Amino acid sequence: MDSVKNDVVSYPAYLAGQWQMSSSHETIAIQSPWQHKVLGNVQAVTQPEVDQSIQAAKKAQHKWAALSLGERGQYLNQWARELEKDKAEIATTIMDEVGKNYADAEKEVTRTIDLIRYTVQEALHMHGESVRGDGFPGGSKEKLGIIERVPLGVVLAISPFNYPVNLSASKIAPALMAGNGVIFKPATQGAISGIKMIQALDRTGLPKGILSLITGHGSQIGDYLTEHPGINMISFTGSTQTGKHLSQKSIMIPLVLELGGKDPAIVCQDADLDLTAKNIIGGAFAYSGQRCTAVKRVLVDDRVADQLVAKLKQAIETLSVGSPADNSTVVPLIDDKSADFVQGLIDDALDKGATLVTGNRRKENLMAPTLLDNVTQNMDIAWVEPFGPVLPIIRVHSVDEAVKIANKSNFGLQASVFTQDIDKALEIAGAVEVGTVQVNGRPQRGPDNFPFLGVKASGMGTQGVHNSILSMSREKLTVINLK
Ligand SMILES: NC(=O)C1=CN([C@@H]2O[C@H](COP(=O)(O)OP(=O)(O)OC[C@H]3O[C@@H](n4cnc5c(N)ncnc54)[C@H](OP(=O)(O)O)[C@@H]3O)[C@@H](O)[C@H]2O)C=CC1
Ligand SMILES: O=C(O)[C@H](O)COP(=O)(O)O
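- As recorded by an unreviewed UniProt entry, the chain carries the name Glyceraldehyde-3-phosphate dehydrogenase (NADP(+)) and is attributed to Lentilactobacillus farraginis DSM 18382 = JCM 14108.
- Under the UniProt heading Sequence similarities (unreviewed entry), the note attached to the chain is "Belongs to the aldehyde dehydrogenase family."

A few points about the site of ligand 1
Then, number 1: Around ligand 1 lies a shell of 31 residues, among which Thr188, Ser239, Thr242, Leu259 and Glu385 are the nearest.
Then, number 2: Leu259 places a main-chain nitrogen or oxygen 2.6 Å from a nitrogen atom of ligand 1.
Then, number 3: Here ligand 1 has 920 Å² of accessible area as a free molecule, and 87% of this is covered by the chains.
Then, number 4: Judged by the fraction of its atoms near the pocket grid, ligand 1 is located in the largest pocket.
Then, number 5: Per element, the largest residue contribution to the shell around ligand 1 is five residues, and it comes from helix α7 (residues 218–227).
Then, number 6: Here the residues of the shell around ligand 1 are counted per class, giving twelve nonpolar, 15 polar and four charged.

A few points about the nonpolar core
Then, number 1: In this structure, Trp79, Ile172, Met197, Ile198 and Leu211 are the most contacted members of the largest nonpolar core, which totals 62 residues.
Then, number 2: Three or more residues apiece are contributed to this core by two domains, here domain 1 (10–259 + 459–477) and domain 2 (263–439).
Then, number 3: Not counting residues up to four positions away in its chain, the partners in contact with Leu211 are Tyr14, Gly17, Ile172, Val182, Ile198, Leu201 and Leu206.

Describing the sheet that holds strand β16 (residues 355–358)
Then, number 1: Strand order in the open sheet formed by seven strands is β16-β19-β20-β15-β14-β22-β23, and the pairing between neighbours is mixed. One side of each edge strand has no neighbouring strand; the edge strands of this open sheet are β16 and β23 (436–439). Geometrically, the sheet is characterised by an average inter-axis angle of 25° between neighbouring strands, direction not taken into account.
Then, number 2: Sheet topology note: the strand β15 (residues 295–301)/strand β20 (residues 390–396) ladder contains four bridges and is parallel. By the bridge assignment, Val300 is partnered in β20 with Arg395.
Then, number 3: Helix α11 (residues 336–351) contacts β16, β19 (370–373) and β20 of the sheet and is inclined by roughly 30° relative to β19.

Quick notes on empty space enclosed by the protein
Then, number 1: According to the stated counting rule, one finds three cavities of 30 Å³ or more in the structure shown.
Then, number 2: Forming the boundary of the largest cavity are Leu115, Thr119, Ser170, Arg445, Asp448, Phe452, Gln463, Gly464, Val465 and Ser468.
Then, number 3: If you list the elements that add at least two residues to the lining of the largest cavity, you get α4 (102–125) and α14 (465–471).
Then, number 4: Counted by class, the lining of the largest cavity contains three nonpolar, five polar and two charged residues.

Looking at unusual backbone geometry
If a residue is not glycine, its phi is most likely negative; likewise, a peptide bond is most likely trans.
Then, number 1: Omega for the peptide link from Gly446 to Pro447 comes to -5°, which places this bond in the cis form.
Then, number 2: By the element assignment, Pro447 lies in the loop between β23 and β24 (452–453).
Then, number 3: One non-glycine residue, Ala16, adopts positive backbone phi at about 50°.
Then, number 4: In this fold, Ala16 is placed in the loop between β3 (13–15) and β4 (18–20).
Then, number 5: Judged by its relative accessible area of 25%, Ala16 is partly exposed.

So, the pattern of salt bridges
Opposite charge on two side chains allows them to pair when their charged atoms are near.
Then, number 1: Applying the stated criterion across every chain yields a total of 23 salt bridges.
Then, number 2: Where Lys87 meets Glu84, a salt bridge forms, and the shortest distance between an N and an O atom there is 3.8 Å.
Then, number 3: By relative accessible area, which is 18% here, Lys87 ends up buried.
Then, number 4: For Glu108, the salt bridge identified is with Lys100, shortest N-O distance 2.7 Å. Residues Glu108 and Lys100 agree in their burial class; the two are buried.
Then, number 5: What emerges from the salt-bridge pattern is a single network uniting Glu82, Lys85, Asp86 and Arg203.

Cut-offs used in this document
- Residues numbered from 1 in each chain as written.
- Chains lettered and ligands numbered in written order.
- Predicted model: local features only at pLDDT ≥ 70, side-chain atom pairs only at ≥ 80, totals over all residues.
- Heavy atoms only, no water.
- UniProt positions renumbered as here; feature names shortened; annotations may be inferred.
- Near = heavy atom within 4 Å.
- Polar contact = N/O pair within 3.5 Å; in protein donor to acceptor, adjacent residues only side chain to side chain.
- Areas by Shrake-Rupley, 256 points an atom, 1.4 Å probe, with all protein chains shown as cover.
- 1 Å grid on protein atoms, 1.4 Å probe; cavity = no way out; pocket = protein on both sides within 12 Å on 5 of 7 lines; lining within 4 Å.
- Sits in = over half its atoms within 2 Å of the grid points.
- Helix = DSSP H or I, 4+ residues; strand = E, 2+ residues; numbered from the N terminus.
- Nonpolar A, V, L, I, M, F, W, Y, C, P; charged D, E, K, R; others polar.
- Core = buried A, V, L, I, M, F, W, Y, C linked by side-chain atoms within 4.5 Å.
- Buried < 20%, exposed > 50% of the residue type's maximum accessible area, 1.4 Å probe, protein only.
- Domains from an automatic or database assignment.
- Contact = heavy atoms within 4.5 Å.
- Pairing = 2+ DSSP bridges.
- Axes fitted to C-alpha atoms, helices over the stretch in contact; angles between N-to-C directions.
- Points joined across faces, edges and corners; volume = space filled by probe spheres on them.
- Salt bridge = Lys/Arg side-chain N within 4 Å of Asp/Glu carboxyl O.

Right, dumping it as structure tokens:
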């Protein structure tokens, strides 16, 4: 299946049920962000190959949707078992390809297996409803409406680099269980992990054509996919910039967009500061802050700010920094360009008078975890998503000021509130314009049975297993006019 030249593997794409080298004869070299070597080549898939894949998905989808939920579930449960077998290999690929530490990469695969199994169970338990017409003026009991959920057709699933397996499966599994065909476009940096995951799915004997895996740079093939008339729904996770672009290109189809964030941790005067510091550190620096739900700013009551900063400094200075293979918390960023971007934000803040508490050291794309205090609203780091290991502290005089600054952001993914007063927590939770508020905990997507959503520039629509199945199916009403 794969071809090897000069020790570098060329991975085929999975087009209309066949593993194939692209007729473009063009490949993209995937460079490890930390081993500084080429891990393999993936295909630059052509537009005619996209057409063939979408046609094949359309054709296969009717038969697929005609299978019972139990039959579709059997393929997915088998996929979960195949992923169990490949766990170590896929975790190693994630580690090599996106620089996630091994323990977290393995957790990502385990979480994916759990998610697939849960998705099957959830889909099995979902059902439609019926309604009689007599509840509305002029209607009658003789009108019986049967409301079923039916698939949308072909779903385009586009995933980002930072969870190359989990955020892909969290689109593919619900799309398949809802009876759709799938066109899967992984992040280029993450494509080999995506390919390995689909190799496991292919081994289940999945009907040919129902899913294709299209590799290629989003900048080259993305618009063609998005604008394709054969696509009936798009589920996208990635940056706000790409998400906005995609929403302008797509034409009258449902979109679910999970985009960037600038999640604040609001720390009240009465907060348990040890618990707060622990959550902020884990939230801000795991996987070097390359998570949409990372804590990306701290809005702390001035009266406890010195104490909190001291605790954060102490904890940051004990974080392990280095190789993903050593399970370091802070690992090299996805590329040098990302590290340059983060460095630019740090430099801007320091130029404008922020206090460097710790960090601001760098070796290529490996950046030391950095804490900046006395950050003010004229600094870019107060508003921009760094996607790197830097945390700004903004001191505030009141809860109202914290909420005001929290809401001034374009983003609205999650927010954390640290306080021991539940009334205050609920008041703040009600006032913050985000998808989710975490009381005394760090922002996070999981557990995956919870709804996951962003508002404002952080997204549109809702993920989480139940909501993903809903968003990838629609209601269909059949009215029986009884005598
Ligand atoms: N809210 C959420 O759930 C999450 C949000 N994110 C956000 O994602 C970002 C990091 O991920 P990153 O991968 O860099 O994001 P990008 O937006 O750069 O890429 C995301 C995906 O979009 C593809 N893409 C690029 N251009 C186009 C296009 N014109 N049309 C269609 N698809 C395109 C990319 O392909 P290619 O790789 O080939 O360029 C990739 O598969 C951060 O902003 C983060 O906050 C990340 C995870 C979760
Ligand atoms: O990509 C991301 O950052 C995720 O969607 C967040 O997931 P997590 O909160 O489980 O890390």
